[in-house]
Amino acid sequence: MLMITRRWLGRRLLGLAITLFAIININFLLLHFIPGNPIEGEILTLEASGIPATSSVIKSIEYIYGYNVPLLTQWERYIMGYLTGNLGVSIAFYPKPVSEVMLMTIKYNLALEFLGSIVAFALGIWLGDFAARKVDSLTDKLLVNSSMAIASIPHYVIALFLFFLFVYEWPLFPGTGPYSPFITPGFTLSFITDAADHMFLPILSVIIAGYGGWVLSMRNMSLGLSRSDSVLAAEARGLSSKR
């Protein structure tokens, strides 16, 4: 039994390693063969600022981002960067390292997921229990069907829809960043309200994407318990169904 488990785990780990290696290589190829690259973006930014993009300037940019070496060398550095955790310099937040930018983003995303998941859990449990109490009613059918429909939609689709609706179509909320660039982070009312304004749409997308599954789980669990032998026996002895 132990030998079978080791073989199964070994196959799983090997498949995972092959998949990750394929994804990393596909990502590398996409970055280099899709039209446009960071060098062109930096040149456009310099020209928009009135700075001429001379050959020496272009060579400096190519050196910073590692485009001054052959493609095979770039691939070797790319793979070694993943293995060592040295992912280079961020293009959008130059000269910050990519690892520092990722750490900042991960902390923000974890906070959003935590807050959104708590609200989605509480809302889903309450609605699931409510649907179980109204089983086979119109309310129950609406809650079940809407929860199934929402639970089948990927999270990013819901987030893009909210972004299009409330940032692009009706600009009611900011679309980027954890807070406004002109706000100094701190325990102040202005920072808290600005951060809450930025966090509202991401948290709302987490709630919408997550509550449907909890509704269905809680409803099924409540119905299963209400039809168990112990509950039926208690009702036969005169216990009220409400209790």
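These remarks concern the structure in this document.

What counts, and at which threshold
Residues numbered from 1 in each chain as written. Predicted model: local features only at pLDDT ≥ 70, side-chain atom pairs only at ≥ 80, totals over all residues. Heavy atoms only, no water. Helix = DSSP H or I, 4+ residues; strand = E, 2+ residues; numbered from the N terminus. Buried < 20%, exposed > 50% of the residue type's maximum accessible area, 1.4 Å probe, protein only. Contact = heavy atoms within 4.5 Å. Areas by Shrake-Rupley, 256 points an atom, 1.4 Å probe, with all protein chains shown as cover. Patch = residues over 30% accessible without salt bridge, like charges linked within 9 Å, V, L, I, M, F, W, Y side chains within 5 Å. Salt bridge = Lys/Arg side-chain N within 4 Å of Asp/Glu carboxyl O.

Focus on the overall build of the protein chain
And then number 1: Counting secondary structure elements, the protein chain contains 9 helices and 0 strands.
And then number 2: Traced from its N-terminal end to its C-terminal end, the protein chain shows the element sequence α-α-α-α-α-α-α-α-α.
And then number 3: The burial tally for the protein chain puts 22% of its 243 residues in the buried class.
And then number 4: Taking contacts inside the protein chain between residues at least 6 apart in sequence as the whole, the part at least 24 apart equals 63%.
And then number 5: Of the roughly 17,400 Å² of accessible surface on the protein chain, a fraction of 70% belongs to carbon and sulfur atoms.

Remarks on the environment of serine 180
And then number 1: Mapping serine 180 onto the fold places it in the loop between helix 7 (155–169) and helix 8 (189–226).
And then number 2: Setting aside residues up to four positions removed in sequence, serine 180 forms contacts with Asp194 and His198.

A short note on the side chain of arginine 219
And then number 1: Its place among the elements puts arginine 219 in helix 8.
And then number 2: In contact with arginine 219, other than residues within four places in its own chain, are Gly128, Ala131, Ala132, Val135, Asp140 and Val144.

Focus on a nonpolar patch on the surface
And then number 1: A surface patch of nonpolar side chains, amounting to about 610 Å² of accessible area, comprises Trp8, Leu9, Leu13, Leu16, Leu20 and Ile23.
And then number 2: Along the chain, isoleucine 23 turns up in helix 1 (residues 2–33).

Remarks on the pattern of salt bridges
And then number 1: All chains considered together, the criterion is met by 1 salt bridge.
And then number 2: A salt bridge links arginine 133 to aspartate 129; its shortest N-O distance comes to 2.9 Å. Placement of both arginine 133 and aspartate 129 in helix 5 (residues 98–133) is noted, with a separation of 4 residues, approximately one turn of the helix.
And then number 3: With a relative accessible area of 23%, aspartate 129 lands in the partly exposed category.

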